[in-house]
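Results of the structural survey
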Amino acid sequence: MKKKICLVRTVLTLGFLCFSGVASAALITSFETGDFDGWSAGTPFGSPTVVNSNRASDGVYSTESVFTVPANYGGWGVHALISRGTADIGITSGTTHITLDAYTNWDPAGWGVYGNEIQLLLNYEGFWGQISPSSGSLVNGSFATLTYDISAHAAAMTNPALSYSAVEVVWFLGTWQAGPDVMQTISIDNIHGNNLVPEPASVALSASCALAWCATRRRRMG
């Protein structure tokens, strides 16, 4: 009897450790499926975001948005690159930050620019607003890691009573003087978060870890 109790405890412990190991990775997506992996494409300046292998900070694939900022653009705006429902991302009330890698490549020569950021736009019932990176900044021509502090919104945006809640990755552009037409390229990759709800695959892997150990144990004891 003692041996059975010990075995059950061991299997449960191993299952927990496997589960913890998977959940602690906190990867939301790096688009290695070769598609949007549940995210929706934006259309900045009328050009749809795509997923391709032109560049990546993790693996082979990332999103890519290529578009022209026209000479008649003025003022400021937020331009959606990708978006996804809060629950689908796995954000919980305990999630404090989201990180992502962003690539930009443009030359605003002749423009007067006061704002050029990749931001998170939180859009849930009762709130619509942008969050700037709490750490990291864009580096033209290469990927940069940006971190966003969402701790002040996590509980509200995950309230199950909400009729809608979503997160958008947007490009904020603010200008005080227009210039000539200019091409912009933006890629997003390697999106992470903390204290996320594990995906069903993670739960299945946790169970398989425990079952595999149990099967091995039986063979050794038999």
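Our structure's up above, just so we're on the same page.
About the cut-offs
Residues numbered from 1 in each chain as written. Predicted model: local features only at pLDDT ≥ 70, side-chain atom pairs only at ≥ 80, totals over all residues. Heavy atoms only, no water. Core = buried A, V, L, I, M, F, W, Y, C linked by side-chain atoms within 4.5 Å. Buried < 20%, exposed > 50% of the residue type's maximum accessible area, 1.4 Å probe, protein only. Helix = DSSP H or I, 4+ residues; strand = E, 2+ residues; numbered from the N terminus. Contact = heavy atoms within 4.5 Å. Salt bridge = Lys/Arg side-chain N within 4 Å of Asp/Glu carboxyl O. Pairing = 2+ DSSP bridges. Phe/Tyr/Trp six-rings, centres within 6.5 Å; stacked < 30°, edge-to-face > 60°.

1. Regarding the nonpolar core
Among the nonpolar cores identified, the biggest contains 35 residues, and Trp-39, Leu-100, Ile-118, Leu-120, Val-169, Ile-188 and Ile-191 are the most heavily contacted of them. Of all the elements in the fold, those that place two or more residues in this core are strand E4 (62-69), strand E5 (76-85), strand E6 (97-105), strand E7 (112-124), strand E9 (143-149), strand E10 (165-177) and strand E11 (182-193). Apart from residues lying up to four places away in sequence, Ile-191 is in contact with Ala-26, Leu-27, Ile-28, Thr-29, Phe-31, Trp-39, Ile-82, Ile-98, Thr-99 and Leu-100.

2. Quick notes on the pattern of salt bridges
According to the stated counting rule, one finds 1 salt bridge in the structure shown. The partner of Glu-64 in a salt bridge is Arg-55, and the shortest N-O contact between them spans 2.7 Å. The class of Glu-64 is buried, set by a relative accessible area of 9%.

3. Some words on the side chain of Thr-92
Locating Thr-92 in the fold gives a position in the loop between helix H2 (86-89) and E6. By relative accessible area, which is 18% here, Thr-92 ends up buried.

4. With respect to the pairing of E11
The buried count for E11 comes to 10 of 12 residues, which makes it a mostly enclosed element. With 2 bridges connecting them, strand E1 (residues 27-29) and E11 associate as antiparallel partners. In the sheet register, Thr-29 faces E11, and the bridge partner there is Ile-191. Relative to E11, E4 runs antiparallel, the two being bridged by 5 bridges. Bridge pairing in E11 links Val-69 to Val-182. Direction of pairing for E6 relative to E11: antiparallel, over a ladder of 7 bridges. Note on E11: the bridge partner recorded for Asn-105 is Thr-185.

5. Side note on the environment of Gly-90
Tracing the backbone shows Gly-90 in the loop between H2 and E6. Classification of Gly-90 by relative accessible area gives buried; the value is 3%. Taking C-alpha positions, Gly-90 is 9.6 Å from Ala-26, a pair spaced 64 residues apart along the chain. Other than its neighbours up to four places away in sequence, Gly-90 contacts Asn-195, Leu-196 and Val-197.

6. Examining the sheet that holds E7
Spatially, E2-E5-E10-E7-E8 is the arrangement adopted by the 5 strands of the open sheet, whose pairing is antiparallel. Edge strands, defined here as strands with exactly one partner in the open sheet, are strand E2 (40-41) and strand E8 (127-131).

7. What to know about the packing of aromatic side chains
Considering all chains together, one arrives at 8 aromatic pairs under this definition. When the centroid spacing of 5.6 Å and the interplanar angle of 50 degrees are considered together, the rings of Phe-67 and Trp-171 count as tilted. With a gap of 104 residues between them, Phe-67 in strand E4 and Trp-171 in strand E10 connect regions that are remote in the sequence. Here Phe-67 and Trp-171 have matching classes, each one buried. Judged by centre distance (5.3 Å) and plane angle (90 degrees), the ring pair of Trp-106 and Trp-171 falls under edge-to-face. Placement of the pair is Trp-106 in the loop between E6 and E7 and Trp-171 in strand E10, with a sequence separation of 65 residues. With respect to class, Trp-106 is no different from Trp-171; both count as buried. Within the aromatic cluster, the residues linked to one another by ring pairs are Phe-45, Phe-67, Tyr-73, Trp-106, Trp-111 and Trp-171.

No statement about biological role is implied by the geometric values presented.
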